[in-house]
Amino acid sequence: MEFSINKLIANSSTVQWGFYDPEAKPLFNVSSGDIVEVHTEPGMREVDSEMREIVSPELIDIVENGERKLGGHILNGPIGIREALAGDVLEVKMLEILPRYNWGFNRFRPLSGGLPEDFPYERRIIIEIDKEKNVCDWETGVPIPLSPFFGNMGVAPPLNLGKVTSGVPGPWGGNMDNKEFTEGTSVFFPVFVDGAQFSIGDGHGCQGDGESCLSALECGLIGKIQFFLHRNTALDVPMAESSSDYIFMGFDPILDNAIKSVIREAIKFLVERFEMKKDDAYTLCSLSLDLRVTQIVNGTKGVHGLLSKSLFEDMN
Amino acid sequence: MSNYELIADKSNIHWGFYDASLRPALTINDGDTVVFYTESGRKDLVGTLGDRVSSQLIDIFSHHEQAFGAHIMTGPVFINGAKEGDVLEVNIKDIQTRYDWGYNGFRPLVGGLPDDFPYSRVVIIDIDKEKGIADWGAGVKVPIKPFFGNFGVAPPKSYGKVPSTPPAAWGGNTDNKEFITGTKIFFPIFNDGALFSVGDGHGCQGDGEANINGIEMGLIGTFEFKVRKDLSINLPVAESETHHIFMGFDPVLDNAAKIALRETIHFLKNSKGLHPDDAYTLCSLAVDLRVTQIVNGYKGVHAMLPKSIF
């Protein structure tokens, strides 16, 4: 079967800046199995003189001519998926993710981030990206390996929510900032509006679990992503599958609540997919589910659970 | 450097608590190594398990009353030369499973999802040491990766007898699955002799310890002890073959994450000479915050700083 490949390069007419909108019209439509190559830009609200030296003309076009609403992320899209209906599941597979530019930045600011009391001021640094050596560096003498992924992606939220900020994660995806979503991973989203209306951006060159200071290595990325529509399944919140793990997610302003959602999602999955007894699934979570802090900086915080697929080799 | 063995029995354990006034079960010198044979178990499982239970464990059940917590702690070990304010370095040389059985249980009002599981359940888990797997008949076999969930030094004398249940400055119920063979743990010392105890063997556990138990089981642990007068810490920290590990304990995870993050930034500043602003950014880019456990009242978050980036 031949799949079409579309290219979607961020500029002021191809992005949603700061929001997800259930009423937005798609830039174009693709079919299940199609591949889209997205070229994304990091989010910024203004291009100052230091940035003007390095950013692309497209990013200047977005900042000068685009219309920002609610949040700050520059999201390519929306992309419509033919035949997708509310209640379906959209699988988005990360076929390839590469850094687009030789620069990125990291920033923290007052009243946000993981330790606002300790860092009550703003700081932004430009970080050099060495694509060949696959590291980034900002002259601390500690080069950090790249492991690129998209921090923000999702489908249009339910109609009743209207336009939502790109700043938070939610059932539609959004600002999940999950560092596990690297090349080879499939992310599954519940579909809320016809056509699904998928958007993607917020490239991160690398990030630790937690995204401690507020931002990661914010950078432009080039991603090849493939869409698959699933009909005979349903989801309440996104989940993912990497080559090695099933990944469950919970979102809540309080980590203690987010973590409960994750354990519940994992148990539900084990009962439905592998027909485990609920009690055994709870025990298996205690023995094998790794609960990790996705991010503590997006207002609605995130916890994710990793469950090794190797446990089920005999059961599949 | 001498080698010792300490096999848990009624004469050398304390059940469910730490206490600085306990008489030492063993006295050693700085640099010595001790092999601990620990026990885990519940009185109500003895009937089901029959002769799989050791005579020492039966003896412990009939001669001791459980105070506060569930953990059968072997010790304390008095380390000559250790003084309040020093740091105890515990080098985990080896951990082996001791028995062919363990268990996992949950019960009402505790665990990660008390609202969803308002009843008691316990399963006996068979340990296949040769294949390195555990099985309780649920259709999945989980790999064994043993570590001690509970160890530490005696708390400050002013605390008196404290439950073994929470993790704290003296260590306690850290339940950190990273503490496998090859890891060094550093504890602040609050009493002369440090008074180290260990128990709560876990055959394996996920980050979070979702339902309140790992595979609870007897383990054999070989620990080398060093008194470090050149260090000063407020909370336990660890170093595995691949990572520096920093810990935060708090009833609220959001606070525990902040503590672990502050500990990491403190280390990056003091030991690696980074400016705090750069350390904060480095945490955002390269340090993984993980949920240690959510079931010990005081929850835990640990930060994993990869050694390879230095």
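Residues numbered from 1 in each chain as written. Chains lettered and ligands numbered in written order. Predicted model: local features only at pLDDT ≥ 70, side-chain atom pairs only at ≥ 80, totals over all residues.

Residue and element names in this part refer to chain A. Assigned domains of chain A: these are domain 1 (5–236) and domain 2 (244–312). Just the C-alpha atoms count here: the centres of domain 1 and domain 2 sit 23 Å apart. The partner domain 2 presents 14 residues to the 16 residues of domain 1 that form the contact. Looking at the side of domain 1 that touches domain 2, its residues break down into 4 nonpolar, 8 polar and 4 charged. (Domains from an automatic or database assignment. Contact = placed C-beta atoms within 7 Å. Nonpolar A, V, L, I, M, F, W, Y, C, P; charged D, E, K, R; others polar.)

Next up on the list: the packing of helix α3 (residues 255–274) of chain A against helix α4 (residues 278–288) of chain A. When two helices pack together, their arrangement is given by the angle between the helix axes and the distance between those axes. Residues and elements named next belong to chain A. For the pair α3 and α4, interaxial distance at closest approach is 9 Å and the crossing angle is 130 degrees. When the interaxial angle is binned, α3 and α4 end up oblique. Read as a crossing pair, α3 and α4 show a hand that is right-handed. Contacts between α3 and α4 involve I263, A266, I267, L270 and V271 from the former and K278, A281, Y282, L284 and C285 from the latter. Here the contact of α3 with α4 is built from residues that sort into 9 nonpolar, no polar and 1 charged. (Axes fitted to C-alpha atoms, helices over the stretch in contact; angles between N-to-C directions. Helix = DSSP H or I, 4+ residues; strand = E, 2+ residues; numbered from the N terminus. Parallel < 35°, antiparallel > 145°, perpendicular 65-115°, else oblique. Left-handed = near helix turned anticlockwise from the far one by under 90°.)

Quick look at the packing of helix α3 (residues 253–270) of chain B against helix α4 (residues 276–286) of chain B now. Residue and element names in this part refer to chain B. Where α3 meets α4, the closest approach of the two axes is 9 Å, and the angle between their N-to-C directions is 125 degrees. When the interaxial angle is binned, α3 and α4 end up oblique. Classified by chirality, the crossing of α4 by α3 is right-handed. Along its contact with α3, which presents L261, T264, I265, L268 and K269, the element α4 presents P276, A279, Y280, L282 and C283.

Turning our attention to the sheet that holds strand β10 (residues 135–137) of chain A. All names here are of chain A. Here 4 strands make up an open sheet; going across it, the order is β8-β9-β10-β11 and the pairing antiparallel. Bordering the open sheet on either side are β8 (103–108) and β11 (144–145), each of which pairs with just one other strand. The pairing of strand β9 (residues 123–130) with β10 spans 3 bridges and is classified as antiparallel. Bridge pairing in β10 places I129 opposite C136. (Pairing = 2+ DSSP bridges.)

What follows covers unusual backbone geometry. Each neighbour pair has its own omega, and for G77 of chain A with P78 of chain A the value is 5 degrees, a cis peptide bond. Checked against the element boundaries, P78 of chain A lands in strand β6 (residues 74–81). Put simply, G75 of chain B and P76 of chain B share a cis peptide bond, and its omega is 0 degrees. Note that P76 of chain B resides in strand β6 (residues 72–80). For E83 of chain A, which is not a glycine, the phi torsion comes out positive at approximately 75 degrees. Here E83 of chain A shows up in the loop between β6 and β7 (89–99). The exposure class of E83 of chain A is partly exposed, given the 14 C-beta atoms found within 10 Å. Positive phi is not limited to glycine here, since A196 of chain A has a value of about 65 degrees. Turning to its location among the elements, A196 of chain A is positioned in the loop between β16 (186–190) and β17 (198–204). What makes A196 of chain A buried here is the crowd of 29 C-beta atoms within 10 Å. (Buried ≥ 20, exposed ≤ 12 C-beta atoms within 10 Å, placed from the backbone.)

Moving on: the interface of chain B and chain A. On the side of chain A, 49 residues touch chain B, which itself brings 49 residues to the contact. When contributions to the side of chain B that touches chain A are tallied by element, the ones reaching two or more residues are β8 (101–106), β9 (121–128), α3, α4 and β21 (288–293) of chain B. In terms of residue count, α4 of chain B provides more of the side of chain B that touches chain A than any other element does, 9 residues in total. Within the side of chain B that touches chain A, the residues separate by chemical class into 27 nonpolar, 11 polar and 11 charged.

Here the focus is the sheet that holds β9 of chain B. Strand order across the open sheet formed by 4 strands is β8-β9-β10-β11 (chain B), with antiparallel pairing between neighbours. Two strands close off the open sheet at either side, each with one partner strand: β8 and β11 (141–143) of chain B. Taken over all neighbouring pairs, the strand axes of this sheet differ in orientation by 30 degrees on average, direction set aside. Running at roughly 115 degrees to β8 of chain B, α4 of chain A makes contact with β8, β9 and β11 of chain B of the sheet.

Our focus in this paragraph is the confidence of the model for chain B. Caution applies to low-pLDDT regions: their predicted coordinates should not be interpreted in detail. Mean pLDDT over chain B works out to 97, with 100% of the residues at or above the 70 mark. Confidence metrics for the complex model read pTM 0.96 and ipTM 0.96. (pLDDT = per-residue confidence, 0-100.)

Residues and elements named next belong to chain B. Assigned domains of chain B: these are domain 1 (3–235) and domain 2 (242–309). Computed from C-alpha coordinates alone, the two centres of domain 1 and domain 2 are separated by 24 Å. If you look at the interface, domain 1 gives 17 residues, while domain 2 gives 15 residues. A per-class count over the side of domain 1 that touches domain 2 returns 6 nonpolar, 7 polar and 4 charged.

A few words now on the pairing of strand β7 (residues 87–97) of chain B. The side chains of a regular strand alternate between the sheet's two faces. Residue and element names in this part refer to chain B. In this structure, β7 lies alongside strand β16 (residues 184–188), joined through 5 bridges in antiparallel fashion. From the neighbouring strand, N91 faces β16, where its bridge partner is K184. The sheet contact formed by β7 and strand β18 (residues 219–228) spans 10 bridges and is antiparallel. Looking at β18, one finds that E89 is bridged to K226.

This next bit is on α3 of chain B. If you check α3 of chain B, its first and last C-alpha atoms are 26 Å apart, about what 18 residues at 1.5 Å a residue would give, namely 26 Å. For α3 of chain B, the full list of buried residues reads L253, A256, A257, K258, A260, L261, E263, T264, I265 and L268 of chain B. (Expected span 1.5 Å × (residues − 1).)

Our focus in this paragraph is α4 of chain B. Across the 11 residues that make up α4 of chain B, a large majority, 9, are buried. Those residues of α4 of chain B lying buried are D278, A279, Y280, T281, L282, C283, S284, L285 and A286 of chain B. Buried residues along α4 of chain B sit in contact with β8, β9 and β11 of chain A together with α3 and β22 (299–306) of chain B.

What follows deals with the nonpolar core. Soluble globular proteins tend to bury their nonpolar side chains together. If you look at the biggest cluster of nonpolar residues, it comprises 180 residues, and the most contacted ones within it are L90 and I259 of chain A together with I79, L88, V153 and A257 of chain B. The biggest single contributor to this core is α3 of chain A, with 8 residues. With sequence-adjacent residues up to four places away left out, V153 of chain B is seen in contact with L88, W170, G171, F187, I189, F190, A194, L195 and F196 of chain B. (Core = buried A, V, L, I, M, F, W, Y, C linked by C-beta atoms within 7 Å.)

Residues and elements named next belong to chain B. Within the secondary structure, N234 sits in the loop between β18 and β19 (237–239). Since 9 C-beta atoms lie within 10 Å of it, N234 is described here as exposed. C-alpha of N234 to C-alpha of D277: the two residues are 43 residues apart in sequence and 22 Å apart in space. Setting aside anything within four residues of it in sequence, one finds N234 in contact with A169 and P188.

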